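Understanding the architecture of this molecule
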Amino acid sequence: VVNASLGFYAPAGNVTYTILNTSAQVVSKVVHTSVSLTDSYSYNTSALPVGNYFLVVNASGKQMFKKFSVIK
């Protein structure tokens, strides 16, 4: 499972969570709407093949990338 917890200084509005494989293909994309000061996201990785992935978070016009690996 991949987990993300975010805290904001002001209401964030929409927050988009995208998981990409190393070929930049979208594996999953979820949009949380009307986000105020906190938000969390959880993705079950059991269906993903072994490999490296990126979690991309877009919020308030800013983007964050985090790399993670699936190992079985």
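Each remark here, short or long, concerns the structure printed above.
Residues numbered from 1 in each chain as written. Predicted model: local features only at pLDDT ≥ 70, side-chain atom pairs only at ≥ 80, totals over all residues. Heavy atoms only, no water.

On to the pairing of strand β6 (residues 62–70), then. Where strand β5 (residues 51–59) meets β6, 9 bridges bridge the pair, whose relative direction is antiparallel. Directly across from V56, in β6, lies its bridge partner F65. Counting the residues in the hairpin turn of β5 and β6 gives 2 residues, including S60, whose phi is positive at 50°. (Pairing = 2+ DSSP bridges. Helix = DSSP H or I, 4+ residues; strand = E, 2+ residues; numbered from the N terminus.)

It is worth spelling out the nonpolar core at this point. Judged by nonpolar contacts, the single largest core of 17 residues is most densely connected at V15, Y17, I19, Y41, L55 and F68. Elements supplying a minimum of two residues to this core: β1 (2–7), β2 (13–21), β4 (38–43), β5 and β6. Looking at this core element by element, the count peaks at 4 residues for β5. Apart from residues no more than four positions distant in its own chain, V15 is found in contact with L6, F8, V30, V31, H32, V35, D39, V57, N58 and A59. (Core = buried A, V, L, I, M, F, W, Y, C linked by side-chain atoms within 4.5 Å. Buried < 20%, exposed > 50% of the residue type's maximum accessible area, 1.4 Å probe, protein only. Contact = heavy atoms within 4.5 Å.)

Note that L48 resides in the loop between β4 and β5. Note on L48: relative accessible area 5%, which makes it buried. Taking the C-alpha atoms as reference points, L48 and T33, separated by 15 residues in sequence, lie 26 Å from one another.

So, on to the sheet that holds β6. Reading across the sheet, the 4 strands line up as β3-β2-β5-β6 and stay open at both edges, with antiparallel pairing between neighbours. Edge positions in the sheet fall to β3 (26–35) and β6, since each of these pairs with one other strand and no more. On average, each strand axis in the sheet is inclined to that of its neighbour by 15°, with strand direction left out of account. Bridging between β2 and β5 involves 7 bridges; their strand directions are antiparallel. Among the inter-strand pairings, L20 is bridged to a residue of β5, identified as F54. (Axes fitted to C-alpha atoms, helices over the stretch in contact; angles between N-to-C directions.)

Don't take any of this as a statement about function, it's just geometry.
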